[in-house]
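# What the coordinates show
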Amino acid sequence: MSTASLLFVINPKSGASDKKNLDATVSEFCNRNDLTFHLYKTTGDQDVSHIKELIEKLKPQIVIAGGGDGTVTLVAELVMDTTIKLAILPLGSANGLATELGIPEDWEENLSLLLHPKTMSMHAIKINDKYLSLHLADLGFNADLIKEFEKEGQRGMLGYAKSFIKKMSQRKSGRFKVQTPESVNRYKADMIVIANASSYGTGAIVNPRCDLEDDLFEVCIFKPLPWHNFLEFTWYSFAGQLENSKYFSIYQTNQVTITSTKPHTLQIDGEVIGSVNKVTARLLPKAVNLVIP
Ligand SMILES: Nc1ncnc2c1ncn2[C@@H]1O[C@H](COP(=O)(O)OP(=O)(O)OP(=O)(O)O)[C@@H](O)[C@H]1O
């Protein structure tokens, strides 16, 4: 196998969009622009070792993660701290990170970013010394929601909305201790978000202090929200003004340990990890060279 300047990693099962012309579009784009490429389709089984092998053999300049946030994070872990650039072709249901960065969903427009790639050196977060997060990780409500969404086997915004309403009416608060190098605080909360980015991709801004290039991430505490404050809270979140609500607190830090008396569901970049009593997170500065518009 000879080298290739572009390695496409495509998750054929991501999102709900029709991908039947994707291979032809990629191939036609690369041939038209004299670019060598290789296209790998994920199977959900041993993708990490297969992609690692391909990267070693092909020595690509750019690896394109075609899928949702889960695929982006999987590829990011493999190119982190190298000179290889990471590009995103959004094919997922929410595409949180791509939306955050204004990365186009239109295939031709997206692929054209590869011709003269402009990059941003973005930080990431290491969770429990094991998992990488580029986007948003959380404990509690949203993680339960994703678990429900997966169980119901629904895709798209309508499925997400149905699961959201169901989980909103069933939500349970937890008691958490939040320890950073600067402080220790205890909270009753519905959800705690360890936030690299600002939004899940729905338009609501859960982290109003997001800056992907600084040396800090945010810890966002969502305190138990009474139903009669729901509309006001929603308005604040869409306006990027959650800090005006007494049901929200935020920290900026480069390290945090969150513990709880009862286990809570943890999700990282859209993937449910399981139920945990303890989460640690630390910043990985300038971890990934991301191709941006
Ligand atoms: N061929 C495949 N068949 C089934 N599952 C797959 C396959 N390839 C990858 N996966 C699984 O898909 C998940 C990642 O999905 P990804 O985040 O790319 O899309 P999504 O979940 O549809 O999008 P979003 O995160 O925007 O909702 C991983 O759990 C991975 O193991």
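Quantities reported herein were computed from a predicted structural model and do not represent experimental measurements. (Residues numbered from 1 in each chain as written. Predicted model: local features only at pLDDT ≥ 70, side-chain atom pairs only at ≥ 80, totals over all residues.)

Okay, the overall build of the chain next. Counting secondary structure elements, the chain contains 8 helices and 14 strands. The C-alpha atoms of the chain give a radius of gyration of 19 Å, which matches the 19 Å a tight globule of 293 residues would have. Taken across its 293 residues, the chain has 41% of its residues classed as buried. Considering only contacts in the chain between residues 6 or more positions apart, those separated by 24 or more positions represent 72%. (Helix = DSSP H or I, 4+ residues; strand = E, 2+ residues; numbered from the N terminus. Rg over C-alpha atoms; globule rule 2.2 N^0.38 Å. Buried ≥ 20, exposed ≤ 12 C-beta atoms within 10 Å, placed from the backbone. Contact = placed C-beta atoms within 7 Å.)

A regular strand carries its side chains on alternate faces of the sheet. For strand E8 (residues 174-179) and strand E9 (residues 184-189), the ladder comprises 6 bridges, and the chain directions are antiparallel. When the bridges of E9 are listed, Gly174 appears paired with Ala189. The turn linking E8 back onto E9 is made up of 4 residues. As defined by bridge partners, E8 adjoins strand E13 (residues 255-268) across 4 bridges and the pair is classed as antiparallel. Counterpart to Phe176 in the pairing with E13 is Ser260. (Pairing = 2+ DSSP bridges.)

Let's shift gears to the site of the ligand. Around the ligand sit 19 residues in total, of which Gly44, Gly67, Gly68, Gly70 and Gly92 are the nearest. If you tally residues by element for the shell around the ligand, the top one is helix H3 (residues 69-79), at 3 residues. A breakdown of the residues in the shell around the ligand according to their chemical character gives 2 nonpolar, 14 polar and 3 charged. (Near = placed C-beta within 6 Å. Nonpolar A, V, L, I, M, F, W, Y, C, P; charged D, E, K, R; others polar.)

This paragraph deals with H3. Burial analysis of H3 places 9 of its 11 residues in the buried class, the great majority of the element. Of all the positions in H3, only Asp69, Thr71, Val72, Thr73, Leu74, Val75, Ala76, Leu78 and Val79 are classed as buried. Of the residues flanking the end of H3, it is Asp81, one or two places downstream, whose phi is positive at about 60 degrees.

Under the domain assignment used here, the chain contains domain 1 (6-116) and domain 2 (131-284). A separation of 27 Å is found between the C-alpha centroids of domain 1 and domain 2. Counting from both sides, the interface comprises 16 residues of domain 1 and, opposite them, 15 residues of domain 2. When contributions to the side of domain 1 that touches domain 2 are tallied by element, the ones reaching two or more residues are H3 and helix H4 (96-101). In terms of residue class, the side of domain 1 that touches domain 2 is made up of 5 nonpolar, 8 polar and 3 charged. (Domains from an automatic or database assignment.)

Next up on the list: the nonpolar core. Residues Val75, Leu86 and Ile194 are the most contacted members of the largest nonpolar core, which totals 76 residues. Leaving out residues up to four positions away in the same chain, Leu86 has contacts with Val63, Ala65, Val75, Ala76, Val79, Val288, Asn289, Leu290 and Val291. (Core = buried A, V, L, I, M, F, W, Y, C linked by C-beta atoms within 7 Å.)

A packed helix pair is summarised by two numbers, namely the angle formed by the two axes and the spacing between the axes. Contact geometry for helix H2 (residues 47-58) and H3: axes closest at 10 Å, N-to-C directions at 45 degrees. Overall, the two elements H2 and H3 adopt an arrangement that is oblique. As for how H2 packs across H3, the hand of that crossing is right-handed. Counting all contacts with H2, which are made through Asp47, Val48, Ile51, Lys52 and Ile55, the residues of H3 involved are Leu74, Val75 and Leu78. Looking at side-chain class alone, the contact of H2 with H3 contains 6 nonpolar, no polar and 2 charged residues. (Axes fitted to C-alpha atoms, helices over the stretch in contact; angles between N-to-C directions. Parallel < 35°, antiparallel > 145°, perpendicular 65-115°, else oblique. Left-handed = near helix turned anticlockwise from the far one by under 90°.)

Turning our eyes to something else, we now look at the environment of Tyr187. Its location among the elements puts Tyr187 in strand E9. With 34 residues separating them in the primary sequence, Tyr187 and Ile221 have C-alpha atoms 8.1 Å apart. Apart from the residues lying within four places of it in its own chain, the contact partners of Tyr187 are Phe176, Val178, Ile221 and Lys223.

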